[in-house]
Amino acid sequence: MMRLDKFLAKMGAGSRQEVKSYIRKGMVSVNGETVSRPETKIDEEKDEIFLQGKRIAYAAFEYYMLNKPAGVISATEDKKETTVVDLIREKKRKDLFPVGRLDKDTEGLLLITNDGVLAHRLLSPNHHVDKTYFVRVHGRVTEEEEKSFLAGVNIGTGDEEEWTRPARLEILKSGEESEVRLTIQEGKYHQIKRMFQAVGMEVLYLKRLSMGKLTLDPGLKPGEYRLLTEKELCDVTDENAGRH
Ligand code: URA
């Protein structure tokens, strides 16, 4: 049970003040009856709530797969910049957040949800969930880098050492500019850029392809998103998803 105004605000129908005013104006019905008191208690699981004839269905959790475009930041809100959550226009929930961060210039798979337990499981350093990226770099990537990354590289600055866990590098194209697929088990700040920096190369383009068992839908263009399918949700909530 919860207050009607709280329910409507949580489902993204408006701010708390706005939904209170909708209710007072008689724009909201509960099980076919118009109600005018914002504090009316409703059963969010069973009651049928309509706002101006439109059904406001309850969603406890929402899960979106976004192909993050370059130029937006991995945050929930920002005064100046567009955030990944701003891109999800049909959201019901107001408490969505991105699971982990991609740099502003990085593209690719980002899960947007309000499920904190799942987020913790995917991000916890103890769980070592695999994250695979497509990377274009300036420089010739060879077996040497493959071995270095597998052994772990020091991405620390100055005197402070910071070693990465073993990462798998698959060379797709080697030349003045090279293309690789790189799988890391952590999510340290600017990790992939710093790993290539550690071997004297610069990342030109970075795109996340997968996270645990969740793979970016190739049909999603940068900036596009969709709900996770039941199967994807089962896979991603599976305790052992991508673990070592
Ligand atoms: N590594 C980076 O350097 N940037 C990202 O956005 C993700 C991984």
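Rules used throughout
- Along each chain, residue indices are assigned from 1 in the same order as the chain's sequence is written.
- Only residues with pLDDT of at least 70 are given local features in this predicted model, and only at 80 or more are side-chain atom pairs given and counted; all residues enter the totals for whole chains, interfaces and linings.
- To get the side-chain values, take all heavy atoms of the structure and skip hydrogens and water.
- Note on definitions: salt bridges are taken to be side-chain nitrogens of Lys or Arg within 4 Å of carboxyl oxygens of Asp or Glu.
- Between buried and exposed lies partly exposed: a residue is buried under 20% and exposed over 50% of the maximum accessible area for its type, with that area taken using a 1.4 Å probe on protein chains only.
- Numbered from the N terminus, helices here are DSSP runs of H or I no shorter than four residues, and strands are runs of E no shorter than two.
- Source of the domain bounds: an automatic or database domain assignment.
- UniProt positions are given in the numbering used here, feature names are shortened, and annotations may be inferred rather than shown by experiment.
- Here, a strand pair is defined by DSSP locating no fewer than two bridges between the strands.
- Each residue is tested against the molecule or strand, and it is near if at least one of its non-hydrogen atoms lies within 4 Å.
- Between N or O atoms, a polar contact is any pair within 3.5 Å; within protein, one atom must be a potential hydrogen donor and the other a potential acceptor, and residues adjacent in sequence are included only when both atoms are from side chains.
- A 1.4 Å probe and the Shrake-Rupley method give the accessible areas. Residues count as covered only by the protein chains that appear here.

- As recorded in an unreviewed UniProt entry, the protein chain goes by the name Pseudouridine synthase, listed as coming from Merdimonas faecis.

**Points about the pattern of salt bridges**
For side chains of opposite charge, pairing can occur when their charged atoms come near one another.
Turning to step 1, where the next piece is worked out: Per the stated rule, a full pass over the model turns up 18 salt bridges.
Turning to step 2, where the next piece is worked out: Where Lys46 meets Asp43, a salt bridge forms, and the shortest distance between an N and an O atom there is 3.9 Å.
Turning to step 3, where the next piece is worked out: Exposure remark for Lys46: the relative accessible area of 66% places this residue in the exposed category.
Turning to step 4, where the next piece is worked out: Overall, Asp43 belongs to the buried group, its relative accessible area being 19%.
Turning to step 5, where the next piece is worked out: In this structure, Arg168 and Asp130 form a salt bridge, with 3.8 Å as the shortest nitrogen-oxygen distance. Taken together, the positions of Arg168 in strand E11 (residues 168-173) and Asp130 in the loop between helix H3 (116-123) and strand E10 (131-138) put the pair 38 residues apart, joining distant regions of the chain.
Turning to step 6, where the next piece is worked out: Where salt bridges share partners, they join Glu162, Glu186, Lys188 and Arg194 into one cluster.

**What to know about the domain arrangement of the protein chain**
Turning to step 1, where the next piece is worked out: You can read the domains of the protein chain as domain 1 (2-55), domain 2 (63-125 + 213-239) and domain 3 (130-211).
Turning to step 2, where the next piece is worked out: On a C-alpha basis, the centres of domain 1 and domain 3 stand 51 Å from each other.

**A short note on the UniProt feature "domain: RNA-binding S4" (unreviewed entry) in the protein chain**
Turning to step 1, where the next piece is worked out: Those places that UniProt annotates as "domain: RNA-binding S4" (unreviewed entry) correspond, in this numbering, to residues 2-61.
Turning to step 2, where the next piece is worked out: Taken end to end, residues 2-61 comprises 27% helix and 23% strand; its first and last C-alpha atoms sit 16 Å apart.

**Comments concerning the pairing of strand E7 (residues 63-68)**
Turning to step 1, where the next piece is worked out: Of all six residues in E7, six are buried, a share of seventy percent or more.
Turning to step 2, where the next piece is worked out: Alternating positions in E7 separate into two faces, Tyr63, Met65 and Asn67 on one and Tyr64, Leu66 and Lys68 on the other, with burial throughout.
Turning to step 3, where the next piece is worked out: As paired strands, E7 and strand E9 (residues 107-113) are joined by six bridges and run antiparallel to one another. Each bridged residue has a counterpart across the sheet, and for Tyr64 the counterpart in E9 is Ile112.
Turning to step 4, where the next piece is worked out: In this structure, E7 lies alongside strand E15 (residues 225-227), joined through three bridges in antiparallel fashion. Bridge assignment links Tyr64 to a residue of E15, and that residue is Leu227.

**Quick notes on the site of the ligand**
Turning to step 1, where the next piece is worked out: In the neighbourhood of the ligand, the contacting residues comprise Leu102, Asp103, Thr106, Tyr133, His190, Gln191, Ile192, Lys193 and Leu206.
Turning to step 2, where the next piece is worked out: One of the side-chain nitrogen or oxygen atoms of Thr106 is found 2.9 Å away from an oxygen atom of the ligand.
Turning to step 3, where the next piece is worked out: Contact with the protein chains hides 95% of the accessible area of the ligand, taken as 240 Å² for the molecule alone.
Turning to step 4, where the next piece is worked out: Examining the composition of the shell around the ligand, we find that three residues originate from one element, helix H5 (residues 191-198), more than from any other.
Turning to step 5, where the next piece is worked out: Residue contributions to the shell around the ligand reach at least three from each of two domains, namely domain 2 (63-125 + 213-239) and domain 3 (130-211).

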